[in-house]
Amino acid sequence: MATSLLRHETIRTTVPKAKELRRVVEPLITLARVDSMAKRRLAFSRLRDLTVVEKLFTDLGPRFKARAGGYTRILKMEPRPGDSADMALMQLVESTAPAAPEPKAGAKPKRRKAKAAA
């Protein structure tokens, strides 16, 4: 599951699994903040996937270098239909997804029109 989270940066799972996964993934990202052969071997011994280890040390480690911890976010979702298990969306905090455009400096905020009473 740690491999899937690091590969896709967002996964859907149950809340208890997400909380346990946080205990596995966050130390791996902390390990990847400084790149060395010994740390790569430690990460590979835990993940067993060379492409994910490569992404961890070339992309994720440098991205979170200035952050002091808390690399993951757990968002609670609606329960699973079959057994009503509590579901969660687990994602890395600083994703590479494009952010919403910011309003221009001189632009006024849009106002909603009041509904006319019929």
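Our structure is the block above this text.
Anyway, here's the lowdown on the structure attached to this text.

Reading the values: rules and limits
Residues numbered from 1 in each chain as written. Predicted model: local features only at pLDDT ≥ 70, side-chain atom pairs only at ≥ 80, totals over all residues. Heavy atoms only, no water. Helix = DSSP H or I, 4+ residues; strand = E, 2+ residues; numbered from the N terminus. Expected span 1.5 Å × (residues − 1). Buried < 20%, exposed > 50% of the residue type's maximum accessible area, 1.4 Å probe, protein only. Contact = heavy atoms within 4.5 Å. Core = buried A, V, L, I, M, F, W, Y, C linked by side-chain atoms within 4.5 Å. Arc of directions from axis to C-beta. Axes fitted to C-alpha atoms, helices over the stretch in contact; angles between N-to-C directions. Parallel < 35°, antiparallel > 145°, perpendicular 65-115°, else oblique. Left-handed = near helix turned anticlockwise from the far one by under 90°. Nonpolar A, V, L, I, M, F, W, Y, C, P; charged D, E, K, R; others polar. Salt bridge = Lys/Arg side-chain N within 4 Å of Asp/Glu carboxyl O.

**Description of helix H2 (residues 15-31)**
Right, on to step 1. With 17 residues, H2 ought to run about 24 Å at 1.5 Å a step, and its terminal C-alpha atoms sit 25 Å apart, in line with that.
Right, on to step 2. Inspection of H2 places Val 15, Ala 18, Leu 21, Val 25, Glu 26, Leu 28, Ile 29 and Leu 31 among the buried residues, and these make up the whole buried set.
Right, on to step 3. In the core, the buried residues of H2 are packed alongside helix H1 (2-8), strand E1 (10-14), helix H3 (37-47), helix H4 (50-63), strand E2 (72-76) and strand E3 (87-92).

**A short note on the nonpolar core**
Right, on to step 1. Formed by 24 residues in total, the largest nonpolar core has its most connected members in Leu 6, Leu 21, Val 25, Ile 29, Ala 43, Leu 47 and Leu 56.
Right, on to step 2. Of all the secondary structure elements, the ones that give two or more residues to this core are H1, H2, H3, H4 and E3.
Right, on to step 3. With seven residues, the single largest contributor to this core is H2.
Right, on to step 4. Not counting residues up to four positions away in its chain, the partners in contact with Ile 29 are Leu 6, Leu 56, Phe 64, Tyr 71 and Leu 92.

**Focus: the side chain of Thr 13**
Right, on to step 1. Within the element layout of this structure, Thr 13 appears in strand E1.
Right, on to step 2. Accessibility expressed as a relative area gives 7% for Thr 13, which makes it buried.
Right, on to step 3. Dropping the residues within four chain positions of it, Thr 13 is found in contact with Met 1, Ala 18, Asp 86, Met 87 and Ala 88.

**Topic: the side chain of Thr 72**
Right, on to step 1. As for its placement among the helices and strands, Thr 72 is situated in strand E2.
Right, on to step 2. With residues up to four places along the chain from it excluded, the contact list for Thr 72 reads Leu 5, Arg 22, Val 25, Glu 26, Met 90, Gln 91, Leu 92 and Val 93.

**Overview of H3**
Right, on to step 1. Three or more residues of H3 are buried, namely Arg 40, Ala 43 and Leu 47. Looking straight down H3, one finds its buried side chains confined to an arc of 65°; they lie on one side. For H3, exposure combined with an orientation more than 90 degrees from the buried face picks out Met 37, Ala 38, Arg 41 and Arg 46.
Right, on to step 2. Elements that come into contact with the buried residues of H3 comprise H1, H2 and H4.

**Comments concerning the packing of H3 against H4**
How two helices pack is summed up by the angle between their axes together with the distance between the axes.
Right, on to step 1. It is at 9 Å that the axes of H3 and H4 come closest, and there the two elements cross at 135°. As summarised for this structure, H3 and H4 are arranged oblique, according to the angle between their axes. For the pair H3 and H4, the sense of crossing is right-handed. Note on element contacts: H4 touches H3 through Leu 50, Val 52, Val 53, Glu 54, Leu 56, Phe 57 and Thr 58, opposite Lys 39, Arg 40, Ala 43, Phe 44 and Leu 47.
Right, on to step 2. Considering only residue class, the contact of H3 with H4 consists of eight nonpolar, one polar and three charged.

**Focus: the pattern of salt bridges**
Two side chains carrying opposite charge are able to pair once their charged atoms lie near each other.
Right, on to step 1. All told, the structure shown has nine salt bridges when counted by the stated rule.
Right, on to step 2. The closest approach of N and O atoms between Glu 20 and Arg 23, which form a salt bridge, is 3.3 Å. In this pair, Glu 20 and Arg 23 are both assigned in helix H2, three residues apart and thus about one turn of the helix distant.
Right, on to step 3. For Glu 20, a relative accessible area of 43% puts it in the partly exposed group.
Right, on to step 4. Close ionic contact of Asp 83 with Arg 80 constitutes a salt bridge, the shortest N to O distance being 3.0 Å.
Right, on to step 5. One salt-bridge network, in which partners are shared between bridges, spans Glu 9, Lys 55, Asp 59 and Arg 63.

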